Amino acid sequence: MVKRMHPLFHPLFLQFILYFNEQQDYFECHEVLEEYWKSVSPNDKSHALTAWILLSTGMYHWRRNNRAGAKRSLENAQKRFSLDLNSEYYSGIDMAQMHINLENSIALINQSKEFKPFTLSILSDELNQRIQKQQMPFALIGEELIHKHMRRDRSEILKAREEKRRNRQ
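Criteria and cut-off values
Residues numbered from 1 in each chain as written. Predicted model: local features only at pLDDT ≥ 70, side-chain atom pairs only at ≥ 80, totals over all residues. Heavy atoms only, no water. Helix = DSSP H or I, 4+ residues; strand = E, 2+ residues; numbered from the N terminus. Buried < 20%, exposed > 50% of the residue type's maximum accessible area, 1.4 Å probe, protein only. Expected span 1.5 Å × (residues − 1). Arc of directions from axis to C-beta. Contact = heavy atoms within 4.5 Å. Salt bridge = Lys/Arg side-chain N within 4 Å of Asp/Glu carboxyl O.

Draft legend 1. View of unusual backbone geometry. Here glutamine 24, not a glycine, exhibits a phi torsion of approximately 50°, which is positive. For glutamine 24, the location among the structural elements is in the loop between helix H1 (11-23) and helix H2 (26-40). In this structure glutamine 24 comes out as partly exposed when scored by relative accessible area, which is 27%.

Draft legend 2. Representation of helix H5 (residues 95-110) within the structure. Spanning 16 residues, H5 covers 22 Å between terminal C-alpha atoms, matching the ideal 22 Å at 1.5 Å per step. Residues of H5 that are buried include every one of Met95, Met98, Asn101, Leu102, Ser105, Ile106 and Ile109, and no others. Considered in projection along H5, the buried side chains sweep an arc of 135° and stay on one side of the axis. Residues of H5 that are buried make contact with helix H3 (48-63) and helix H4 (67-81).

Draft legend 3. Geometry of the pattern of salt bridges. Going through the model one piece at a time under the given rule, you end up with two salt bridges. One salt bridge connects arginine 130 with glutamate 126, and the closest N-O pair in it is separated by 3.0 Å. Taken together, the residues span about one helical turn, with arginine 130 and glutamate 126 both in helix H6 (residues 125-132) at a distance of four residues. Looking at glutamate 126, the relative accessible area reads 39%, which means it is partly exposed.

Structure, rendered in structure tokens:
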């Protein structure tokens, strides 16, 4: 019998944790988790991975001072996290602390406070060991990190959107 890999041990989820905790690169958090989500449950917007994606999106918006977008994304993340409290996509992570951090972040946004990152506390020794074995690319800093989505090559995205628009007509 083939043993199934725990979903948190997937390389894309391990990268997500490193991007979130070590590099605070929330844009890349979104990118790697979207790829993972599309591979396991495309179009299922209630899937547990979408909560992590929304969390990353909210943190990215908050750091860029888009408080309205940050609040909306973080509140939606909160709702998604509560859809399945026992999801295996949450095991091994201190979800009680994550919920406190999420609540605090929303409260700070409501008070128009500056961006304040937090880390995901990992409870699983095996998850921690796997994270430590991951190789991460060079970390961006400053404006390159903060405005990453505006500085990337979007030609493929724009081409796909145009093709989709043409197909609808």
